[in-house]
Amino acid sequence: MKLSALWAVAAIAAVFEVMALVVTQDAAVRATSPWQADPYAVVVSFALLAVPTLDLALIVRLPAWRAPGGADRAQQTARAAGALLAVIGCALATGWAAVIVRGSAPAPLVAGLAVLSVLAVGGGAALWWQRAPRGPARGWRHDWLGDIPLLGRWFPGLAPRVRAHATALFAVLSLVAAAGVVGAQTVGDGWTDPVLIGWALVVETAVLFSCCVVANAVAGFVARPARSRAAGVTESAVVAFASGLAAVTALRDPLWTAVTGAPVTTVPTLVGLTVGAGLVAAAATAAVQMWRTAA
């Protein structure tokens, strides 16, 4: 893997984030965009948070490219870049789906979508052509924490503690980020219902925590110690809960309309439908995981 491909992905992500901010935060542009409503808005909103986070992590690590642990670093960084492009690709596919379903969209938005699509495909091709031989992810001996020299110099005992309590760190960071997102949305949309605010906080926290877990498994940001069977099952169930919760939140109106003939109009219905779907997904995943580990 060459640095040029990784820097290209980082640049593509930056361009995507700028354009995504314009089409979602500028009132005049947002009013004409075909992806301003769910289920499209859920995917775009997720990308707005995930893309800059992954992009920043990628950019911070690249200066340590030639430090010890190069084989692990190359594989982990390439995986992170691939995950970054996957998120961008999902958002772009959602944008195209919205344009197709709506049947029309302003020419500048379609042009921007086309340019970003070409860039994303080019970035993916560059990663593929310059890929290194596949290695075992579980054999990594280095993680991203080891590439932060100031962390080891100023806080020599911090990295081992982070590795030992990675799950708790993911949970705390997810809750803090979710509180900021929900707080901004509460103020911006004028929410006053505590049940709605609490539900949104649960959704955001669960989704962000799941993203932390999955991204860490893909790219090895933090080397985690071996977990017990119960911890592994619980973590998988939480990821499934968040997946079911997010999916049904995005598709709540079509699903509820198919069952009752009318979209979701009340907060209790929203909470019951989405949380119920998440709990079903979590229970099914936990049962499968327990059966697999017991076999």
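Within any chain, residue numbers begin from 1 and follow the written order of that chain's sequence. A pLDDT threshold of at least 70 governs which residues receive local features in this predicted model, and a stricter bar of 80 or more applies before side-chain atom pairs are shown or counted, although totals over entire chains, interfaces and linings include all residues. Computation of side-chain values covers all heavy atoms of the structure but excludes hydrogens and water.

## Some remarks on the overall build of the protein
Condition: Strands here are runs of E lasting at least two residues and helices are runs of H or I lasting at least four, both read from the DSSP assignment and numbered beginning at the N terminus. The globule rule is 2.2 Å times the number of residues to the power 0.38, and the radius of gyration it is compared with is taken over C-alpha atoms. Residue exposure (1.4 Å probe, protein chains only): buried if accessible area is under 20% of the type maximum, exposed if over 50%, otherwise partly exposed. The contact criterion used throughout is that any non-hydrogen atoms of two residues lie within 4.5 Å. His is not counted, nor are the chain ends; Lys and Arg add positive charge and Asp and Glu add negative charge. For charged residues, the charge sits on one atom: NZ in Lys, CZ in Arg, CG in Asp, CD in Glu.
Along the backbone of the protein there are 12 helices and 0 strands. Of the regular secondary structure in the protein, the N- to C-terminal order runs α-α-α-α-α-α-α-α-α-α-α-α. Against the 2.2 N^0.38 benchmark of 19 Å for 295 residues, the protein shows a C-alpha radius of gyration of 20 Å, consistent with a compact globule. Its C-alpha atoms give the protein principal-axis dimensions of roughly 60 × 50 × 40 Å. Taking all 295 residues of the protein together, 37% fall into the buried category. Long-range pairs, those at least 24 residues apart, make up 77% of the contacts in the protein with a sequence separation of at least 6. Here the protein carries 19 positive and 12 negative side-chain charges, and the mean point of each set is 15 Å from the other.

## A short note on the environment of Gly261
Residue position: Gly261 is located in the loop between helix H11 (252-260) and helix H12 (267-294). Judged by its relative accessible area of 58%, Gly261 is exposed. Taking the C-alpha atoms as reference points, Gly261 and Ala11, separated by 250 residues in sequence, lie 46 Å from one another.

## Structural notes on the packing of helix H1 (residues 3-25) against helix H4 (residues 70-102)
How two helices pack is summed up by the angle between their axes together with the distance between the axes. Operational definition: In this analysis an axis means a line fitted to C-alpha atoms, helices contributing only their contacting stretch, and an angle means the value between N-to-C directions, from 0 to 180 degrees. Comment on the angle field: the value is read as roughly parallel under 35 degrees, roughly antiparallel over 145, roughly perpendicular from 65 to 115, and oblique elsewhere. Helix crossings are classified by the rotation of the near helix relative to the far one: an anticlockwise turn of less than a right angle makes the crossing left-handed, while a clockwise turn makes it right-handed. Nonpolar residues are Ala, Val, Leu, Ile, Met, Phe, Trp, Tyr, Cys and Pro. Charged residues are Asp, Glu, Lys and Arg, and all others, Gly as well, are polar.
Taken N-terminus to C-terminus, the directions of H1 and H4 make an angle of 30 degrees; their axes are 10 Å apart at the nearest point. Considering their axes alone, H1 and H4 lie roughly parallel with respect to each other. The chirality of how H1 crosses H4 is left-handed. Residues Leu6, Val9, Ala13 and Phe16 of H1 form the contact with H4, whose own contacting residues are Thr77, Ala78, Ala81, Leu84, Leu85, Ile88, Ala91 and Leu92. A class-by-class count of the residues in the contact of H1 with H4 yields 11 nonpolar, 1 polar and no charged.

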